[in-house]
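In case you want the letters, here they are:
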Amino acid sequence: MSRMQHNLFGPLPVMLLLLLLLPFSSRAGSSSSSSSNSGSGSGSGLGSGSGSGLGIGLSSGSGLGTGWSASFGGSISGSAGNLMMNEIDSCWRWDSNWAEERQTLANCAIGFGGSAIGGKNGEIYVVTDSSDDAKNPKEGTLRWGVTRNEPLWIIFDHDMTLEFENELMINSYKTIDARGVTVKVGNGPCFTIQGVEHVIIHGLTIRHCTGGKVGNVMSNVDHVGLRRGSDGDAISIFQSNNVWIDHCTLSSCSDGLVDVIHSSNYITVSNCRFTNHNKVMLLGHNDNYDEDKDMKVTVVFNWFGPGVVQRMPRVRFGYAHVANNMYEEWEIYAIGGSSNPTIFSEGNFFEASNHPFTKEVTHREDSNDKGKWRSSNDNFENGAFFVQSGSGSCSPSYSSGNGFSVLDGSMAPHLAGSAGALSCKEGLPCLLSL
């Protein structure tokens, strides 16, 4: 059965009144540590997990004379009502001054990619031109900004549809921040993050990506090199560290939507909406590339579906913490792996389709797999089930400040309810999804 994406936004007049009455509270530098593999997460099923951030829940009633009542709390997710924000979103979305304080977004990352700073402390670069030249980009285009050597926080002057001449290679210490406008990318090669560090991508809609062509492409101001053609991923992360992908909408590409391969590490994929795609997310290059054994990826607050088939994610060798995601059916499996990975599924909501042979969440490529596959506080609907295996601890052991509270799986549809690109307006809190 299908489940509609949770509606985050209540009546506008009530929300504006509440926001005028309440001070904004941003996320402090450190939050509670993650749950252990026993599944005893520090957050409760009603969204009262420890950590900072402002939570407001709206539920039906007679409060404020509007047919609604307000519930106030200091928890990371607020109370379980018609309005709930997860720990990342509560860090910045209540702030009506987000457009003047864009770079504070970098303080909101959690998980293994929680130390990614992107272009924080760099200048603001404004994209004004939607054209593209892969070899010799001109100033004002997105490619010109992402290939500079200095840190840049990249924003957009107006709504844009971007079609790249060839794959767009992103240099280190860059943030692509599409808040406040609608930026659509696709119908050609898309994003490559290769051999770099500290990259943040936020707020893009990426669809219909295709393979790149053989040709010269600029990767930084000092290098234009021959590329042999990209695979057709929406976002390919190759031998890169400290990358955060947040609030993107991704679908219908030639290969994967997010690939993390070739010794990439310290990655977080959060608040993204994945729809209408076969091989959604790959973590690990192939079964012979054991250098991926050190890979650590957090997949949190995402919404998978409808129209997704498999690999949400598929893990080779490394470690994946898959937490508080919503799975709206799958056609083959939800979480797969090979080469003895460690997969900790915690607080997810798995809703199987009505097909009798697609109830299992997990898929092992090798029946003799010796990895650790664990489920803790997950919620299973319509016959969904998770086959566990392996022994020993699965705790993610996040570094200080990057841990987060994981709530019970029944809350995942609320926590991931605004996944995908948002519709933010300058001067107002960002409360609407596209």
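Structure first, text after, so check above.
Residues numbered from 1 in each chain as written. Predicted model: local features only at pLDDT ≥ 70, side-chain atom pairs only at ≥ 80, totals over all residues. Heavy atoms only, no water.

Regarding the nonpolar core
Then, number 1: Formed by 65 residues in total, the largest nonpolar core has its most connected members in Leu142 and Phe191.
Then, number 2: Those residues within four positions of leucine 142 in sequence are excluded, and the remaining contacts are Val127, Asp129, Ile154, Phe156, Leu162, Phe164, Leu168, Ile176 and Phe191.
Then, number 3: Membership of the second largest hydrophobic core comes to 32 residues, among which are Ile88, Trp98, Cys108 and Ala323. (Core = buried A, V, L, I, M, F, W, Y, C linked by side-chain atoms within 4.5 Å. Buried < 20%, exposed > 50% of the residue type's maximum accessible area, 1.4 Å probe, protein only. Contact = heavy atoms within 4.5 Å.)

Some points on the sheet that holds strand β28 (residues 335-338)
Then, number 1: Read from one edge of the open sheet, eight strands run β6-β9-β14-β17-β21-β25-β28-β31, paired in parallel fashion. Each of the sheet's edge strands pairs with one partner strand only, and the pair in question is β6 (168-169) and β31 (362-364).
Then, number 2: Looking at chain direction, β6 and strand β9 (residues 191-194) are connected through two bridges and run parallel. Paired with leucine 168 across the bridge in β9 is phenylalanine 191. (Pairing = 2+ DSSP bridges. Helix = DSSP H or I, 4+ residues; strand = E, 2+ residues; numbered from the N terminus.)

Some words on the state of the cysteines
Then, number 1: Counted according to the given criterion, the structure contains three disulfides.
Then, number 2: Here cysteine 190 is linked by a disulfide to cysteine 209, with a sulfur-sulfur distance of 2.1 Å. On the S-S bond that ties cysteine 190 to cysteine 209, the torsion sits near -90 degrees, and the link is left-handed. Of this pair, cysteine 190 sits in the loop between β8 (183-188) and β9 while cysteine 209 sits in strand β11 (residues 205-209), and the two are 19 residues apart along the sequence. Exposure class is identical for cysteine 190 and cysteine 209. Each is buried.
Then, number 3: The disulfide bridge from cysteine 424 ends at cysteine 430, spanning 1.9 Å between sulfur atoms. (Disulfide = S-S within 2.5 Å.)

Some details on the packing of aromatic side chains
Then, number 1: Using the criterion set out here, one finds eleven aromatic pairs in the structure.
Then, number 2: Here phenylalanine 112 and tyrosine 398 contribute two aromatic rings whose centre-to-centre distance is 4.5 Å and whose plane-to-plane angle is 55 degrees, an arrangement assigned as tilted. One end of the pair, phenylalanine 112, is in the loop between β2 (68-73) and β3 (123-127); the other, tyrosine 398, is in the loop between β33 (379-381) and α3 (412-415), and 286 residues separate them in sequence. Grouping residues by exposure puts phenylalanine 112 and tyrosine 398 together as buried.
Then, number 3: A connected cluster of aromatic rings, assembled from ring pairs, spans Phe274, Phe304, Tyr327, Trp330, Phe350 and Phe380.
Then, number 4: Between the NZ or CZ atom of arginine 179 and the centre of the ring of tryptophan 92, over which it lies, the distance is 4.6 Å.
Then, number 5: Here the guanidinium or amino end of arginine 364 rests over the ring plane of tryptophan 373, the centre of that ring lying 4.1 Å away. (Phe/Tyr/Trp six-rings, centres within 6.5 Å; stacked < 30°, edge-to-face > 60°. Lys NZ or Arg CZ within 6 Å of the ring centre and 35° of its normal.)

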